[in-house]
Amino acid sequence: MSELEALAAEIVRCTRCLLHQGRTRAVPGEGAENADIMFIGEAPGFHEDQQGRPFVGAAGRFLDELLGSINLERSQVFIANVIKCRPPGNRDPLPDEIEACKLFLDRQIELIQPRLIVTLGRFSMARAFPKARISHIHGQPRKIGGIVYYPMYHPAAALHQPSLRRIVEEDMQRIPELLEQAARMSETALLVEAEQLSLF
Ligand code: URA
């Protein structure tokens, strides 16, 4: 069992917050263990709670479409959420639920080591950009601690507000270029490290 699978098994048994009482299944996340890109949504909804898999409802179908538009499949990326259990009635996650779940997402990021993290929606964005407004910063990448963070609107927001759909589609189109830049950055960082080592 990989460390990521062991972590998923821990998440499925978690009782760190009250959401475990109402869940059908926890939703640890899924995808490639060595993915270059990680997508982080908000919380499982009805279908995700039923199936134990992320983004399998209407927002998930749109996410699949968006991935397809840049020639990616789910299996090539890793998809997770800020919180791993469904809030009742799909309400917003509470601060103590986000806090209780934080160590799981932190560890997933540590194990996967993605080059690019795409945050979907404001709760996911808030991890990297605590005070920002999504309407101001969507589509603007920022490098934090060796990872490029790229905030996007949540696909469900675009389903509810048709005017956002084009924006989400356009922001998605920049991902291949960002990924290339992120890969070049980390090659340069490795070269600099190697050069520094050779000085000693
Ligand atoms: N919305 C999310 O944020 N995550 C899911 O897994 C499904 C819908």
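Residues numbered from 1 in each chain as written. Predicted model: local features only at pLDDT ≥ 70, side-chain atom pairs only at ≥ 80, totals over all residues. Heavy atoms only, no water.

Engineer: Any details on the overall build of the protein chain? Residues and values, ideally.
Structural biologist: Each helix and strand counted, the protein chain has ten helices and six strands in total. Here the C-alpha atoms of the protein chain give a radius of gyration of 17 Å, agreeing with the 16 Å that 2.2 N^0.38 yields for 200 residues. Taken along its principal axes, the extent of the C-alpha atoms in the protein chain is 60 × 40 × 30 Å. The burial tally for the protein chain puts 44% of its 200 residues in the buried class. For the protein chain, the share of sequence-separated contacts (at least 6 apart) that also reach a separation of at least 24 residues comes to 73%. (Helix = DSSP H or I, 4+ residues; strand = E, 2+ residues; numbered from the N terminus. Rg over C-alpha atoms; globule rule 2.2 N^0.38 Å. Buried < 20%, exposed > 50% of the residue type's maximum accessible area, 1.4 Å probe, protein only. Contact = heavy atoms within 4.5 Å.)

Engineer: Can you lay out the sheet that holds strand β4 (residues 116-120) for me, pointing to particular residues and giving the numbers?
Structural biologist: One open sheet holds the six strands; their spatial order is β1-β3-β2-β4-β6-β5, and the pairing between them is mixed. The open sheet has two edge strands, β1 (30-31) and β5 (142-144), and neither has a second partner. Across two bridges, β1 lies against strand β3 (residues 78-81) in antiparallel orientation. Across the sheet, residue Gly31 finds its bridge partner in β3, namely Phe78. (Pairing = 2+ DSSP bridges.)

Engineer: Explain helix α4 (residues 58-69) to me, using residue names and the numbers behind them.
Structural biologist: Counted at 1.5 Å a residue, the expected span for α4 with its twelve residues is 16 Å, and the 17 Å between its end C-alpha atoms agrees. Taken together, the buried positions of α4 are Ala59, Gly60, Phe62, Leu63, Leu66 and Leu67. Along the long axis of α4, the arc covered by the buried residues comes to 160 degrees, so they all point the same way. Summarising the contacts, the buried residues of α4 are in contact with β2 (37-41), β3, β4, α8 (155-160) and α9 (162-173). (Expected span 1.5 Å × (residues − 1). Arc of directions from axis to C-beta.)

Engineer: An account of unusual backbone geometry is needed here, citing residue identities and associated values.
Structural biologist: Of note in the backbone geometry, Phe55 takes a positive phi value of approximately 50 degrees without being a glycine. Looking at Phe55, the relative accessible area reads 5%, which means it is buried. Positive phi is not limited to glycine here, since Gln113 has a value of about 50 degrees. On the secondary structure map, Gln113 appears in the loop between α5 (95-112) and β4. You can call Gln113 exposed: its relative accessible area is 63%.

Engineer: Report on the pattern of salt bridges, specifying residues and quantitative values.
Structural biologist: This structure, assessed with the given rule, holds 15 salt bridges. In this structure, Arg91 and Glu97 form a salt bridge, with 2.7 Å as the shortest nitrogen-oxygen distance. Among the salt bridges present, the one from Asp106 reaches Lys102, with a minimum N-O distance of 2.8 Å. Here Asp106 pairs with Lys102, and both are found in helix α5, just four residues apart, close to one helical turn. (Salt bridge = Lys/Arg side-chain N within 4 Å of Asp/Glu carboxyl O.)

Engineer: Give me the lowdown on the site of the ligand, citing residues and values where you can.
Structural biologist: The ligand sits among Gly41, Glu42, Ala43, Glu48, Pro54, Phe55, Asn81 and His154. Here Ala43 contributes a backbone N or O atom positioned 3.0 Å from a nitrogen atom of the ligand. In the environment of the ligand, an oxygen atom lies 2.8 Å from a nitrogen or oxygen atom belonging to the side chain of His154. Coverage of the ligand by the protein chains reaches 91% of its 240 Å² of free accessible surface. (Near = heavy atom within 4 Å. Polar contact = N/O pair within 3.5 Å; in protein donor to acceptor, adjacent residues only side chain to side chain. Areas by Shrake-Rupley, 256 points an atom, 1.4 Å probe, with all protein chains shown as cover.)

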